[in-house]
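Residues per chain are reported as follows:
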Amino acid sequence: MKKDEYLSLDSVKAFTEWFATSEAQGLSHNYYNFSKRANVFFNDLPDALNQYEWHGDLKKNTAILNGIQNDLNIAIKKEDFLGFRDASHDLMKWGGTMKGNNEWLSNEGNFPVIHETLKLLKSQVDDINEIKRVKDLRFNSGLTKVYSLIADDFIIYDSRVAAALAWYVLKFIKAKNINTIPDALKFACMKAKGGKQQRNPLAGEGAFDYTKHNHPEIHAQWNIRASWILSAALNGMSGSIYHDQEGLQPLRALEAALFMWGYDLNNIKS
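Reading guide: rules and limits
Residues numbered from 1 in each chain as written. Predicted model: local features only at pLDDT ≥ 70, side-chain atom pairs only at ≥ 80, totals over all residues. Heavy atoms only, no water. Salt bridge = Lys/Arg side-chain N within 4 Å of Asp/Glu carboxyl O. Helix = DSSP H or I, 4+ residues; strand = E, 2+ residues; numbered from the N terminus. Buried < 20%, exposed > 50% of the residue type's maximum accessible area, 1.4 Å probe, protein only. Core = buried A, V, L, I, M, F, W, Y, C linked by side-chain atoms within 4.5 Å. Contact = heavy atoms within 4.5 Å. Axes fitted to C-alpha atoms, helices over the stretch in contact; angles between N-to-C directions. Parallel < 35°, antiparallel > 145°, perpendicular 65-115°, else oblique. Left-handed = near helix turned anticlockwise from the far one by under 90°. Nonpolar A, V, L, I, M, F, W, Y, C, P; charged D, E, K, R; others polar. Pairing = 2+ DSSP bridges. Phe/Tyr/Trp six-rings, centres within 6.5 Å; stacked < 30°, edge-to-face > 60°.

## A short note on the pattern of salt bridges
Right, on to step 1. Scanning the entire structure with this criterion turns up seven salt bridges.
Right, on to step 2. Two residues, Lys36 and Glu53, come together in a salt bridge whose shortest N-O distance is 3.7 Å. Here Glu53 lies in the loop between helix H4 (45-50) and helix H5 (58-78) and Lys36 lies in the loop between strand S1 (29-33) and strand S2 (38-42), a separation of 17 residues in the sequence.
Right, on to step 3. With a relative accessible area of 29%, Glu53 lands in the partly exposed category.
Right, on to step 4. For Asp86, the salt bridge is made with Arg85, and the minimal N-O distance between the two is 3.0 Å.

Here it is as structure tokens:
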């Protein structure tokens, strides 16, 4: 489907509109952070953005990513493979996704794959067969970071953001008294690296199937769809906290809030 077709689906349109409401944005969440050995509480999704942390606060990470984004886009424009390699390695180090990805990104023979994937993302389609046309496609929690910085209106779709979106889908169907999860909203979830955190709200039930390393097209498809939905939702949230972050695009701010939200879907046991 093209972007407009997907966003016009009844279930997608309803979810997008609901997600932008104060009802959805006002939901609370909590979990235990294993690395910090501390309980984490969010009064609402904007509160998750205020508490953003990834080896530093939001301001620090914004500056880092803006710098890397500039380097990546200059390298892409100049067809400078070495510049692209170095900048992407900086990005993998920032995101903790160096394993496997640095080696792939160091292979100049893969540079055309980056260009072909970027061309695909610009085409605004989510069809699996179209995505599969990209020969040797690589899409995972590392490469999504690269594409988020070189493609317009494209989020980082990692296990935490995917988990948060799936969590909201369950809240949506409950609020709307919908009995089954619409296929168009079955966000593909991924397992956490450590394995302790729950990043699938219906683990073992198949609704939000985990993406597999040998199915990068599934990761790409849901990355595309998630980006479309969140971009559309932001159109209904003018004046929100996501639009009021210096040097940070609203979509990136919303993604950052979801990143914090999706660390663990298990609530703290009282």
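## Observations regarding the nonpolar core
Right, on to step 1. Grouped together as the largest cluster of nonpolar side chains are 94 residues, with contacts concentrated most on Phe15, Phe19, Leu45, Ile114, Tyr157, Phe187 and Leu258.
Right, on to step 2. At eleven residues, helix H11 (residues 159-175) tops the list of elements feeding residues into this core.
Right, on to step 3. Setting aside residues up to four positions removed in sequence, Tyr157 forms contacts with Thr144, Ala162, Leu165, Phe187, Ala188, Met190, His219, Trp222, Asn223 and Ala226.

## Remarks on the packing of helix H8 (residues 111-122) against helix H10 (residues 143-150)
Right, on to step 1. Relative to each other, H8 and H10 sit at 60°, their axes nearing to 11 Å. With respect to H10, the axis of H8 lies oblique. For the crossing formed where H8 meets H10, the hand is right-handed. Of the residues in H10, those in contact with Val113, Ile114, Thr117, Leu118 and Leu121 of H8 are Leu143, Tyr147 and Ile150.
Right, on to step 2. Of the residues that constitute the contact of H8 with H10, the class distribution is seven nonpolar, one polar and no charged.

## Some points on the pairing of S2
Right, on to step 1. Alignment of S1 against S2, held across five bridges, turns out to be antiparallel. The residue of S2 that forms the bridge with Asn33 is Ala38.
Right, on to step 2. Between the antiparallel neighbours S1 and S2 lie four residues, among them Arg37 with a positive phi of about 55°.

## Points about the packing of aromatic side chains
Right, on to step 1. Applying the stated rule across the entire model yields 23 aromatic pairs.
Right, on to step 2. When the ring of Phe15 is compared with that of Phe172, the centres are 5.4 Å apart and the planes differ by 80°; the resulting orientation is edge-to-face. Taken together, the positions of Phe15 in helix H2 (residues 10-19) and Phe172 in helix H11 put the pair 157 residues apart, joining distant regions of the chain. Like Phe15, the residue Phe172 is buried in the burial classification.
Right, on to step 3. Note on Phe139 and Tyr147: the rings are 5.2 Å apart at their centroids and 20° apart in plane angle, and the pair reads as stacked.

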